Every structure is written in C-alpha cells, then in structure tokens.
Amino acid sequence: MSFIDSLPEVRGLLVANVPLKKYTWLRVGGEAEVLFVPKDESDLAHFLSSTSNEIPMTVLGAASNLLVGDSGVKGVVIKLGGGFSNVSIEGSFVRAGAAALDSKVAKKAALSGISGLEFYAGIPGTVGGALRMNAGCYGSETKDVLVSTVALDRSGRRMVLNLNELKYSYRHSGASNDLIYTEALFKGVPGDISSIHDKISEISDNRNISQPIKEKTGGSTFKNPDKKKSKGLSAWELIDAAGGRGLKVGGAQMSQKHCNFMINTGEATAADFECLGNEIVSKVKKYSGVELQWEIQKIGNF
Ligand SMILES: Cc1cc2nc3c(=O)[nH]c(=O)nc-3n(C[C@H](O)[C@H](O)[C@H](O)COP(=O)(O)OP(=O)(O)OC[C@H]3O[C@@H](n4cnc5c(N)ncnc54)[C@H](O)[C@@H]3O)c2cc1C
C-alpha cells in the first residue's frame with residue numbers, strides 16, 4: 001500500500017508528491033510526500049487522531065520564513081486553507097484563524113478602530129506563522145497583543161493556551177513544536193481610524209524603501225544577536241561589515257538593498273541558500289566573534 005493510501009479519509013485535500021516550491025517566498029524546495037489541506041478544525045483533529053505519531057507532520061503558513069530542502073519533506077505537510085482564514089471583531093478583541101494573513105488582521109482591526117495591531121501590516125505571513133515565530137516589527141511583537149490561541153496537539157487534542165504558556169522570547173516560542181495553531185485572540189485598544197490607517201501606510205512605505213519585498217526572499221535570514229555580545233550591532237550591520245552584502249552562492253544572494261535578506265536571483269536551489277547562509281555565519285564569526293542564529297526555519301531534506 002502506498003503511503004497516501006495508508007492515511008485516513010478526510011474532507012479536505014490529500015495529495016501525494018506536491019512540489020512545495022510554488023508555495024514558498026524563496027521559490028525553492030522539493031516535494032511534500034503528501035500535502036494535506038484540512039477543510040476545518042474537526043477535519044484536522046480527526047486526521048491527527050487517526051494517524052500514527054511516527055509519521056512526520058510539518059505545518060506551512062505563507063512560507064515567508066521557510067527554506068524547504070531540495071529533496072523535499074517526508075511525511076505529511078499540512079497547509080491550513082480557507083476554513084482557517086476568518087477574522088472577526090469582538091469589541092477591542094480580534095479573533096483570527098491561523099491561515100489568515102497578518103495584513104488582513106491589521107486591516108480588519110483598522111476598519112473597526114482598533115489600534116495596536118498596525119505592525120501586522122508589515123509582516124507577509126499568516127497568523128499561524130506569527131504565533132510560532134513571535135513575529136513583530138517596528139517595536140511591536142505578537143506577544144504584545146496576543147491573549148490566547150487555540151491549538152491541536154499531535155493526537156488531535158484541542159487546547160486553549162494563554163499568552164504565558166507560549167513562553168515567548170525574541171522570534172521564538174518555547175511551546176511544543178508539535179502544536180498546530182488554528183486560531184488566535186488578539187487584544188487592541190480603541191483608536192482613531194484615520195491615525196491607524198496613517199500608521200499602516202507609514203509601515204508599508206518604510207518596508208518598500210528598506211526591504212526587497214518585490215524579490216523572492218525569506219525576510220530576515222538571521223536573528224539580531226544579543227546587543228551586549230555584538231557591541232550594539234544588528235545582524236545586517238555585522239553582515240555588512242563582514243563583507244556579506246551582495247555575496248552570492250549559485251543563484252542565491254544577500255540582497256544589496258537589505259543585506260540580512262537572501263534573494264533568489266533566478267535559478268537558486270535550497271542548497272545555494274544553505275551554503276550562502278553558512279558562509280555568512282562564518283564570515284561574521286571571523287570578523288566579530290558573533291555567532292549568528294538563523295531566523296529562517298529550515299524544513300525537509302537538503
Ligand atoms: C519580505 C518579508 C518581510 C518580512 N518581515 C518580517 C518582519 O518585519 N518581522 C517578522 O517577524 N518577520 C518578518 N518576515 C518573516 C515572516 O513573514 C514571519 O516570520 C511570519 O510570521 C511567518 O509566517 P508564515 O505564515 O509565512 O510562516 P511560515 O514561514 O510558513 O512558517 C514559519 C514557521 O511557523 C510554523 N507554522 C506556520 N503556521 C503554523 C501553524 N498554524 N501552527 C504551527 N506552526 C506553524 C512553520 O512550521 C514554521 O516553523 C518577513 C518575511 C518576508 C518575506
């Protein structure tokens with residue numbers, strides 16, 4: 001029996017050998033052995049409870065912070081779709097499905113005069129990715145606005161986790177990597193609609209100026225290091241000083257516009273990106289003694 005035939009019946013989509021390249025911002029990576037797009041939370045819960053814990057499961061959001069290996073991803077890749085993309089307003093609270101884009105959360109909040117969530121207009125991922133990464137920009141992070149999240153564990157058990165259970169730090173959650181987030185509840189504060197829109201425009205303009213957002217990129221490649229260790233320098237400043245701006249390996253390049261962003265100049269492979277990133281880590285270490293940590297998440301086989 002083939003692997004896909006051994007999986008339980010679902011109401012959503014279950015497809016074998018799906019190229020993941022087209023889903024990722026970096027436009028590289030091999031195939032998912034099986035791609036599962038659950039119809040809704042109960043479909044996902046049923047699938048998880050009916051599959052062996054031995055089967056690897058990997059969740060994909062908008063893949064804006066992901067490097068997928070050239071040899072693909074074994075097991076099941078789960079991509080939450082339309083059944084998880086609703087955003088609704090409850091007073092000053094915003095409830096959002098994990099597949100909703102962060103920008104949709106920002107826009108819906110803005111239209112309802114809820115301030116505090118404007119920064120999500122600057123992040124091209126989904127709510128699920130933001131929950132895992134503690135995504136943030138322009139002085140705000142997910143942990144500043146999150147109240148609670150709904151998640152399923154590997155056996156399909158539904159749980160509500162409060163902010164403190166997610167153990168957030170800079171671009172990191174200490175909660176189990178096996179959790180699949182399905183929903184989040186955010187809290188904002190009442191604000192003036194036109195000021196909120198102005199702030200969103202300012203964030204979008206700043207991004208256009210400073211980031212290569214029209215390229216095939218993956219956002220910040222490396223986390224900013226501890227300022228005490230880096231003498232106050234951020235990742236891009238260390239990369240720049242170590243000669244990494246514009247550095248190329250195959251079709252992968254450190255952006256000239258923002259040298260902590262990697263870009264696919266055309267025919268890059270995941271291996272090119274991995275090599276380029278490793279080369280940057282070693283250059284920066286040699287130059288400053290600082291060991292950069294990848295912010296981009298690597299999945300699959302390289
Ligand atoms: C142009 C550009 C600009 C960016 N700017 C910023 C920025 O300013 N600030 C910032 O923080 N990030 C930024 N990023 C990175 C990225 O957008 C964020 O990390 C985002 O939160 C990732 O969300 P995603 O949906 O794309 O997640 P993915 O990249 O698909 O996945 C990231 C991680 O989250 C996990 N994940 C995704 N969904 C779920 C889920 N439902 N349940 C459990 N785990 C899940 C994945 O398994 C993976 O480990 C930028 C990226 C780009 C391309």
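Scroll up for the structure.
Conventions used here
Residues numbered from 1 in each chain as written. Predicted model: local features only at pLDDT ≥ 70, side-chain atom pairs only at ≥ 80, totals over all residues. Heavy atoms only, no water. Near = heavy atom within 4 Å. Polar contact = N/O pair within 3.5 Å; in protein donor to acceptor, adjacent residues only side chain to side chain. Areas by Shrake-Rupley, 256 points an atom, 1.4 Å probe, with all protein chains shown as cover. Helix = DSSP H or I, 4+ residues; strand = E, 2+ residues; numbered from the N terminus. Nonpolar A, V, L, I, M, F, W, Y, C, P; charged D, E, K, R; others polar. Pairing = 2+ DSSP bridges. Axes fitted to C-alpha atoms, helices over the stretch in contact; angles between N-to-C directions. Parallel < 35°, antiparallel > 145°, perpendicular 65-115°, else oblique. Contact = heavy atoms within 4.5 Å. Salt bridge = Lys/Arg side-chain N within 4 Å of Asp/Glu carboxyl O. Buried < 20%, exposed > 50% of the residue type's maximum accessible area, 1.4 Å probe, protein only.

**Comments concerning the site of the ligand**
Here comes step 1: What surrounds the ligand is a group of 35 residues, the closest being Val 59, Gly 61, Ser 64, Thr 126 and Gly 136.
Here comes step 2: A distance of 2.8 Å separates an oxygen atom of the ligand from a polar atom in the backbone of Ala 63.
Here comes step 3: Within the backbone of Tyr 181, one N or O atom sits 3.0 Å away from a nitrogen atom of the ligand.
Here comes step 4: Relative to its unbound accessible area of 970 Å², the ligand is 97% covered by the protein chains.
Here comes step 5: Where the shell around the ligand is concerned, the elements lending two or more residues are β3 (57–60), α3 (127–133), β9 (136–137), β15 (180–187) and β17 (217–220).
Here comes step 6: Counting residues per element, the shell around the ligand draws most heavily on α3, which supplies five residues.
Here comes step 7: Its residues placed into classes, the shell around the ligand shows 19 nonpolar, 13 polar and three charged.

**Examining the sheet that holds strand β19 (residues 252–254)**
Here comes step 1: The strand order across the open sheet built from four strands is β17-β20-β19-β18, with neighbouring strands paired in antiparallel fashion. Looking at the sheet topology across the chains shown, the edges are occupied by β17 and β18 (248–249).
Here comes step 2: In terms of strand pairing, β17 meets strand β20 (residues 261–264) through two bridges, oriented antiparallel. What sits directly across from Thr 217, in β20, is Ile 263.

**Observations regarding the packing of helix α2 (residues 102–111) against helix α5 (residues 193–210)**
Here comes step 1: Running from amino to carboxyl end, α2 crosses α5 at an angle of 155 degrees, the nearest separation of the two axes being 9 Å. Judged on the interaxial angle alone, α5 and α2 are roughly antiparallel. Here α2 contributes Ala 106, Ala 110 and Leu 111 to the contact with α5, which in turn contributes Ile 193, Ile 196, His 197 and Ile 200.
Here comes step 2: When its residues are assigned to classes, the contact of α2 with α5 shows six nonpolar, one polar and no charged.

**Describing the pattern of salt bridges**
Here comes step 1: Applying the stated criterion across every chain, the model contains 13 salt bridges.
Here comes step 2: When the shortest N-O distance is used, the salt bridge between Lys 143 and Glu 141 registers 3.4 Å.
Here comes step 3: The partly exposed category is assigned to Lys 143, whose relative accessible area is 31%.
Here comes step 4: Here Glu 141 falls in the buried class, since its relative accessible area comes to 16%.
Here comes step 5: Two residues, Lys 298 and Glu 274, come together in a salt bridge whose shortest N-O distance is 3.7 Å. A residue pair is termed long-range when its members are at least 10 positions apart, and Lys 298 in strand β21 (residues 297–299) and Glu 274 in helix α7 (residues 270–288) qualify at 24 residues.
Here comes step 6: Classification of Lys 298 by relative accessible area gives partly exposed; the value is 34%.
Here comes step 7: Through salt bridges with shared partners, a single ionic network connects Glu 141, Lys 143, Asp 144, Arg 171 and Glu 295.

**Regarding the environment of Ala 99**
Here comes step 1: On the secondary structure map, Ala 99 appears in the loop between β7 (93–97) and α2.
Here comes step 2: Given a relative accessible area of 17%, Ala 99 falls into the buried group.
Here comes step 3: Each C-alpha atom, one on Ala 99 and one on Ile 78, is 11 Å from the other, the two residues being 21 residues apart in sequence.
Here comes step 4: For Ala 99, the contacting residues outside a window of four places in its chain are Leu 80, Gly 81, Phe 84, Ser 85 and Thr 126.

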